[in-house]
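Take a look at the letters that make up each chain.
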Amino acid sequence: MTTTEHAVELAGLRHVFAGRGRGRRAVRDVEAVANVDLTVRPGEFVSIVGPSGCGKSTVLKAIAGLLRPTAGTVRVWGEPVTGPRRDIGIALQDATLLPWRDVMFNCLFPVELHGKVADEDRERVSGLLERAGLAGFESRRPKELSGGMRQRVAICRALADDPRLLLLDEPFGALDALTREQMNIDLNRVWRETGKTAVLITHGIEEAVLLSTRVVILSERPGTVVEVVTPPFPRERTKELMATPEFAEVCGRVRDRLFAADVGVGG
Amino acid sequence: MTVPPARARAGTAAGWGGLVVVTAVLLAAWQIVPSGVQGDGSSVPKLDATLKALGPSGEWGEYLKALRVTLGEAFLGLLIGLVAGVVLGVLLGESKILRQGVYPYAVALQALPPIALAPIFVIWFGFGMTSKIGLVGAATLFPILVSTMAGVAETDRNRIEMATAFGASRAQIRMRVVFPGLVAPIFSGLEISVVLSFLAAIAGELISANAGVGVILQVYQRDFRLAEEFAVLLILVAVGLALASLVRVARHFVMERMPDE
Amino acid sequence: MNRATAERVEPRGPALSRGTWRAGLPARAAFLLLPPVAVGLAGVLLIQLVISRFEISGVVIPKPTDVFAVMRSDIFLEQVGQSTWETWKATLIGFALGAGTGVLLGLLMAESRIVRFVLYPYVVAFQSLPKIALAPVCALWLGFGLTMKFSFAAMLAFFPAVVATLAALAAVPETRLEMAAAFHASRRQRLLRISLPSAVPGIVSGLEISMAFALIGAIVGEFVAPSAGGLGQLLLSYSESINVAAEFSVLVVLMLLGVAQNKILFGVLRAGTERFFESSR
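Here the residue numbering is sequential within each chain, running from 1 through the sequence in written order. Ligands are numbered from 1 and chains lettered from A, in the order in which they are written. For this predicted model, a pLDDT threshold of at least 70 governs which residues receive local features, and a threshold of 80 or more governs which side-chain atom pairs are given and counted, while totals over whole chains, interfaces and linings are taken from all residues.

Within an unreviewed UniProt entry, the label attached to chain C reads ABC transporter permease subunit, and the organism entered is Actinomadura syzygii. UniProt positions are given in the numbering used here, feature names are shortened, and annotations may be inferred rather than shown by experiment. As stated in UniProt under Sequence similarities (unreviewed entry), the record for chain C gives "Belongs to the binding-protein-dependent transport system permease family." In its Subcellular location (unreviewed entry) section, the UniProt record describing chain C reads: "Cell membrane".

Chain B appears in an unreviewed UniProt entry as ABC transporter permease from Actinomadura syzygii. Note on chain B: under the UniProt heading Sequence similarities (unreviewed entry), the record states "Belongs to the binding-protein-dependent transport system permease family." The UniProt entry for chain B carries the following text under Subcellular location (unreviewed entry): "Cell membrane".

So, in structure tokens, the structure goes:
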């Protein structure tokens with residue numbers, strides 16, 4: 001891997017959801033994303049924030065190969081995306097754990113899709129679960145876990161097949177504020193220790209600033225990049241950091257841009 | 001790309017083409033394969049014979065007379081089943097002790113194939129319409145009873161609390177909170193019961209009756225008049241479809257006029 | 001964005017109402033059994049008293065004591081044992097054939113939209129036909145024996161299985177399929193590892209209806225086919241000799257059979273699959 005190779009490269013990304021039907025019950029075409037240019041370098045943690053419905057998830061799905069954009073190019077590790085790739089791990093807002101599998105087998109799901117599960121896969125997953133604070137829960141079923149634990153399992157699953165790129169679509173969106181903060185600290189540690197590249201979709205400003213090396217702000221629908229903020233913090237992020245004036249200052253900047261984008265397009 | 005196959009819409013050219021081809025093949029096979037020999041034990045009437053029996057020269061007098069009897073039985077029986085089911089359902093739903101006491105029996109009686117009651121109803125009410133009306137009533141009672149009872153018992157506690165908080169009396173709660181919420185469960189019971197009513201009426205007639213669809217089906221079978229037999233079956237498909245849409249329209253009509261739910 | 005799926009995230013205490021009740025098992029069983037037993041005894045007693053008091057003919061309603069007497073007699077037990085097995089054999093064969101092909105067709109229709117589009121009108125048309133009306137034709141084609149009985153039972157068991165399988169596969173949570181797609185699952189893997197396990201509870205509750213219909217089919221087959229034997233023929237023969245007490249006894253047996261297969265057998269199956277696969281509905 002050369003340093004000039006980007007993990008993700010989006011150029012002129014545009015996506016329109018086709019309407020359907022005719023007459024009164026017709027659904028009009030919706031332009032979700034207008035024109036997004038974005039590069040993510042290896043090892044970065046990039047957050048994409050923006051108002052509700054600005055097409056954040058569309059961007060992520062285009063990177064994941066779950067949706068073919070109307071226009072523009074998507075490259076992952078230099079290759080054009082034509083469909084889901086094996087070297088991408090993804091976690092969504094809904095943990096979507098399979099209720100009939102225990103924690104270990106849920107995590108091994110992506111591995112077993114691509115061949116037999118080896119001992120080293122189990123060991124890797126055990127390591128991930130341990131780092132996520134889930135040691136001892138390997139044989140529990142999802143319904144025995146709390147919401148926060150399920151999301152941690154989903155993130156371990158995303159990392160289980162040792163992907164080079166981690167995609168997270170509001171993985172903590174449904175959690176309460178306290179749990180969410182703890183999860184963020186845990187996620188930061190996992191990211192540092194595994195050295196993955198990560199893209200996070202969120203509408204939590206603090207969350208984005210706390211976790212990211214760069215925060216990308218999208219405008220209201222149709223989404224475009226209005227600004228990129230680079231939080232000037234070391235890779236290790238702590239709860240204490242959140243109490244500092246510097247942290248508040250960066251969050252304030254993101255918030256101002258977000259509101260400007262919101263009002264600017266909406267008004 | 002990710003559209004799961006189970007949910008894709010399929011009004012495509014290939015879909016319509018396939019439908020037309022399959023239908024054409026089925027109709028052609030229906031015309032060509034059967035021997036057309038009446039009285040041949042395995043015989044199926046040819047398509048043209050069936051269509052003729054369905055056409056203006058068919059025995060529409062017979063068909064309609066039989067249908068009138070059967071639908072009459074189904075309707076009157078359903079009425080009995082509906083009224084009895086709703087009344088008993090409300091009573092049982094309101095009293096927890098009664099519900100606990102009676103519920104196992106209601107479940108057990110529901111597990112009894114209602115058709116099996118036909119011979120008894122014949123002994124009680126004879127070969128005429130009355131025995132079939134009774135059978136239909138017994139068959140349609142339980143789905144309505146069970147869903148009404150569940151509807152009363154499961155009325156949203158929050159709504160009752162809300163109404164109580166605003167000082168509603170028990171009677172007011174019943175009239176304005178519990179009963180309006182019953183329309184949906186009663187209709188879902190009714191949906192099952194309408195199908196059952198038609199089915200039970202025909203089944204009763206198959207066992208012993210002097211008129212109705214079940215009777216002419218057996219007469220045509222005995223006389224090897226299979227074209228007429230098939231014509232009646234096709235008419236039954238149409239009537240079944242009509243009954244199902246009738247319930248759907250009625251449900252829509254009533255639900256549109258409900259304040260909420 | 002899946003706002004609607006958010007609410008399922010926090011853990012629900014499993015069966016809180018049952019868990020909070022700390023009484024011992026015998027006390028709980030007594031509390032649950034008391035009302036039904038009391039209602040049953042009171043009902044039987046009331047019927048018995050009313051019949052004796054008003055001298056109602058045994059043809060109208062047999063005395064409960066007469067029904068018990070019939071059910072204890074050796075002749076009845078022998079006849080009913082034989083007939084019950086004949087009826088249930090036809091029910092089981094019919095269920096296996098009808099529900100098996102029904103689930104397969106449902107799968108095929110769910111997986112291929114062409115097949116679904118082409119077959120849908122036929123399924124709807126057949127579903128709205130009161131299939132009991134086919135009994136005379138079936139007897140004509142298949143004779144008056146076991147073949148006709150189980151074929152008819154199979155036909156009745158078929159449609160609920162098709163409809164339930166289709167519905168269950170259509171109700172597989174979109175997010176699970178999307179998750180599998182994101183991990184690069186093949187179509188086959190998606191069907192075998194996501195859709196089918198997710199649909200199991202729905203299919204099982206459809207099979208419960210199939211089984212109930214198979215029993216109805218077997219009974220109706222016996223009503224229509226004079227040499228088919230079974231509980232249906234037993235009912236008819238008691239009916240001809242106006243032995244109402246014996247008819248009631250057969251009905252009780254039939255009810256117990258229905259409870260055993262529809263409620264107990266499938267109750268256990270459904271509870272088990274719902275626990276393991278967790279119904280998504």
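Next up on the list: the overall build of chain B. A run of DSSP states H or I qualifies as a helix once it reaches four residues; a run of E qualifies as a strand once it reaches two. Both are numbered from the N-terminal end. Each helix and strand counted, chain B has eleven helices and zero strands in total. When the helices and strands of chain B are read in sequence order from the N terminus, they spell out α-α-α-α-α-α-α-α-α-α-α. Since a compact globule built from 261 residues should have a radius of gyration of about 18 Å, the 24 Å found for chain B marks it as more spread out than a globular shape. Dimensions of chain B, computed from the C-alpha atoms along their principal axes, are close to 75 × 65 × 30 Å. Three exposure classes are used, all based on how many other C-beta atoms lie within 10 Å of a residue's own C-beta (placed from the backbone): buried at 20 or more, exposed at 12 or fewer, and partly exposed between those limits. Scored against the burial criterion, the 261 residues of chain B give a buried share of 37%. The globule rule is 2.2 Å times the number of residues to the power 0.38, and the radius of gyration it is compared with is taken over C-alpha atoms.

Let's shift gears to the UniProt feature "domain: ABC transmembrane type-1" (unreviewed entry) in chain B. Taking the UniProt record as the reference, the feature "domain: ABC transmembrane type-1" (unreviewed entry) is found at residues 67-245 of chain B. For the annotated span residues 67-245 of chain B, helix accounts for 84% and strand for 0% of the residues, and the straight-line distance between the end C-alpha atoms is 18 Å.

This part is about the interface of chain C and chain B. A common way to report how large an interface is uses the accessible area buried once the components associate. By the criterion used throughout, residues are in contact when their C-beta atoms, derived from the backbone, lie within 7 Å. On the chain B side, the residues contacting the 52 residues of chain C number 49 residues. No other element matches the nine residues that helix H11 (residues 244-277) of chain C contributes to the side of chain C that touches chain B.

This brings us to the pairing of strand E7 (residues 165-169) of chain A. Residue and element names in this part refer to chain A. Of all five residues in E7, five are buried, a share of seventy percent or more. Side chains Leu 165, Leu 167 and Asp 169 of E7 all project onto a buried face; the interleaved residues Leu 166 and Leu 168 project onto the opposite face, where all are buried too. Criterion used throughout: strands pair if DSSP finds at least two bridges between them. One ladder, built from four bridges, connects strand E6 (residues 88-91) with E7; its direction is parallel. Opposite Ile 90, over in E7, you have Leu 167 as the bridge partner. In this sheet, strand E8 (residues 197-202) lies alongside E7 in parallel orientation, the contact comprising five bridges. Each bridged residue has a counterpart across the sheet, and for Leu 167 the counterpart in E8 is Val 199. Orient the strands so they point away from the viewer; a crossover is then right-handed if the path from the first strand over the helix to the second runs clockwise. This β-α-β element, E7 to helix H5 (residues 177-194) to E8, shows right-handed connectivity.

Here we take up the UniProt feature "transmembrane region" (unreviewed entry) in chain C. All names here are of chain C. Following the UniProt record, the feature "transmembrane region" (unreviewed entry) maps to residues 30-51, 90-110, 122-144, 150-173, 194-221 and 241-260 here. Taken end to end, residues 30-51 is 100% helix and 0% strand, and its first and last C-alpha atoms sit 31 Å apart. Strand forms 0% of residues 194-221 and helix 100%; the C-alpha atoms that close the span are 39 Å apart.

Looking now at the pairing of strand E4 (residues 71-76) of chain A. Regular strands place side chains that alternate from one sheet face to the opposite one. Residues and elements named next belong to chain A. Note: strand E1 (residues 8-17) against E4, five bridges, orientation antiparallel. Paired with Leu 10 across the two strands is Val 74, which belongs to E4. Both E4 and strand E5 (residues 79-80) contribute to a ladder of two bridges, which runs antiparallel. Considered in E5, the bridge of Val 76 is made with Glu 79.

Moving on to the UniProt feature "domain: ABC transmembrane type-1" (unreviewed entry) in chain C. Under the UniProt annotation, "domain: ABC transmembrane type-1" (unreviewed entry) lies at residues 84-265 of chain C. Within residues 84-265 of chain C, the helical portion is 86% and the strand portion 0%, while the C-alpha atoms at the span's ends are 17 Å from each other.

What follows is about unusual backbone geometry. A positive phi angle, close to 45 degrees, is found at Thr 96 of chain A, a residue other than glycine. One can find Thr 96 of chain A in the loop between E6 and helix H2 (103-113). Residue Thr 96 of chain A is classed as buried on the basis of its C-beta count, with 24 C-beta atoms lying within 10 Å. The backbone of Phe 224 of chain B sits at a positive phi, close to 55 degrees, despite the residue not being glycine. Note on placement: Phe 224 of chain B falls in the loop between helix H10 (213-222) and helix H11 (226-256). On the neighbour-count criterion, Phe 224 of chain B (16 C-beta atoms within 10 Å) is partly exposed.

All names here are of chain B. Looking at the secondary structure, you find Val 177 in helix H8 (residues 170-178). C-alpha of Val 177 to C-alpha of Ala 163: the two residues are 14 residues apart in sequence and 7.8 Å apart in space. Contact partners of Val 177, with chain neighbours within four places excluded, come to Thr 155, Arg 159, Ile 160 and Ala 163.

Take the sheet that holds strand E10 (residues 223-229) of chain A next. Spatial strand order, E5-E4-E1-E2-E10-E9-E3-E8-E7-E6 (chain A): ten strands in an open sheet with mixed pairing. The open sheet terminates on both sides in strands that have one partner only, identified here as E5 and E6 of chain A.

We now examine the nonpolar core. In these notes, a nonpolar core means any group of buried Ala, Val, Leu, Ile, Met, Phe, Trp, Tyr and Cys residues linked to one another through C-beta atoms within 7 Å. In this structure, Ile 63 of chain A together with Ala 157 of chain C are the most contacted members of the largest nonpolar core, which totals 208 residues. With 17 residues, the single largest contributor to this core is helix H7 (residues 146-170) of chain C. Source of the domain bounds: an automatic or database domain assignment. Looking at which domains feed residues into this core, each of domain 1 (1-12 + 29-87 + 165-267) and domain 2 (95-163) of chain A gives three or more. Residues contacting Ala 157 of chain C, with those up to four places away along its chain left out, are Gly 94, Phe 95, Gly 98, Ala 99, Gly 102, Ser 210, Met 211, Phe 213, Ala 214 and Gly 217 of chain C.

Right, let's get into the packing of helix H3 (residues 60-94) of chain B against H10 of chain B. Residue and element names in this part refer to chain B. Lines fitted to C-alpha atoms define the axes, with helix axes restricted to the stretch in contact, and inter-axis angles between N-to-C directions lie between 0 and 180 degrees. Look at H3 against H10: their axes get within 7 Å of each other, and the N-to-C directions meet at 140 degrees. Taken together, H3 and H10 sit at an angle that is classed as oblique. Two secondary-structure elements touch here, H3 through Glu 62, Ala 66, Leu 67 and Thr 70 and H10 through Val 213, Val 215 and Ile 216. When grouped by side-chain class, the residues that make up the contact of H3 with H10 number five nonpolar, one polar and one charged. Throughout this description, any angle smaller than 35 degrees is read as roughly parallel, any larger than 145 degrees as roughly antiparallel, any in the 65 to 115 degree range as roughly perpendicular, and the remainder as oblique. Under this grouping Gly is polar, as are all residues other than the nonpolar Ala, Val, Leu, Ile, Met, Phe, Trp, Tyr, Cys and Pro and the charged Asp, Glu, Lys and Arg.

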